Amino acid sequence: ILTILLFVTLFTSINFTNFNKVEATTNGHTADDAINWVNSLITPSNTPVGSGQCVALIVAYYNYLGHNSPHVDYAKDYVYKDSEQPTGWQTLQGVQPQKGDILIYLASAGNSAGHVAIYESDYVTYHQNYGGMYVRKIGNHYTQMYDLANNIMPYWGVIRPEFTNARVAIDSVT
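Note that the structure is predicted; figures quoted are calculated from it, not measured. (Residues numbered from 1 in each chain as written. Predicted model: local features only at pLDDT ≥ 70, side-chain atom pairs only at ≥ 80, totals over all residues. Heavy atoms only, no water.)

Draft legend 1. Layout of the overall build of the protein. Across its full length, the protein carries three helices and six strands. Looking at the protein as a whole, 41% of its 174 residues are labelled buried. Here the protein has roughly 9,400 Å² of accessible surface; of this, 54% comes from carbon and sulfur atoms. (Helix = DSSP H or I, 4+ residues; strand = E, 2+ residues; numbered from the N terminus. Buried < 20%, exposed > 50% of the residue type's maximum accessible area, 1.4 Å probe, protein only. Areas by Shrake-Rupley, 256 points an atom, 1.4 Å probe, with all protein chains shown as cover.)

Below you can see the structure in the form of structure tokens.
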């Protein structure tokens, strides 16, 4: 009986109204899940994701992680979308990327739109519309990415999803 009373006391003291405000950070996915997902998009037939542009890959990545991507006209515009990121996500300039981060590259002489990609490790990144309008795994160091005119695209930083507390959205608890 004491156990039942203790349980009832603890259960009734929980404030369930806070659960209505919980937002998903990565829809329950880990960074390893995210890399497995993007790796699964590499196909022998070179099928593009969406339009085949690099931003289309990132829009699909946001969707996989349970969110809508901020609207951007160009890849480089993600730099200005910090306030539109999902709760817990960060836009960080000049940092060492972590597995699952979205890499942001600024415009270069041969690419006025900039570029975005997904980071696995310093020498493994995933790109779309980088030498082809399909998803590719690239083995260059993440800071050594070149445009079509062989100019280096300046690495700006990352959008970092919050994988550490991978939560699933809860609309309501009744």
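Draft legend 2. Representation of the side chain of H127 within the structure. One can find H127 in strand β4 (residues 124-128). Leaving out residues up to four positions away in the same chain, H127 has contacts with L57, Y105, H115, A117, Y134, V135, R136, I138 and M145. (Contact = heavy atoms within 4.5 Å.)

Draft legend 3. Up close: the sheet that holds β4. Spatial strand order, β1-β6-β2-β3-β4-β5: six strands in an open sheet with antiparallel pairing. Each of the sheet's edge strands pairs with one partner strand only, and the pair in question is β1 (90-93) and β5 (135-138). Averaged over all neighbouring strand pairs, the angle between strand axes comes to 30 degrees, with direction disregarded. Pairing geometry for strand β2 (residues 102-105) and strand β3 (residues 115-121), over four bridges, is antiparallel. Directly across from Y105, in β3, lies its bridge partner H115. Its contacts with the sheet put helix α2 (residues 31-40) on β3, β4 and β5, and the angle it makes with β3 is roughly 120 degrees. Sheet contacts for helix α3 (residues 54-64): β2, β3, β4, β5 and β6 (155-160); angle to β3, the most-contacted strand, approximately 55 degrees. (Pairing = 2+ DSSP bridges. Axes fitted to C-alpha atoms, helices over the stretch in contact; angles between N-to-C directions.)

Draft legend 4. Structural context of α2. Among the residues of α2, A31, A34, I35, W37 and V38 are the ones counted as buried. Take α2 and look down its axis: the buried residues cluster within an arc of 160 degrees, on one side only. Where α2 is buried, its residues touch α3, β3, β4 and β5. (Arc of directions from axis to C-beta.)

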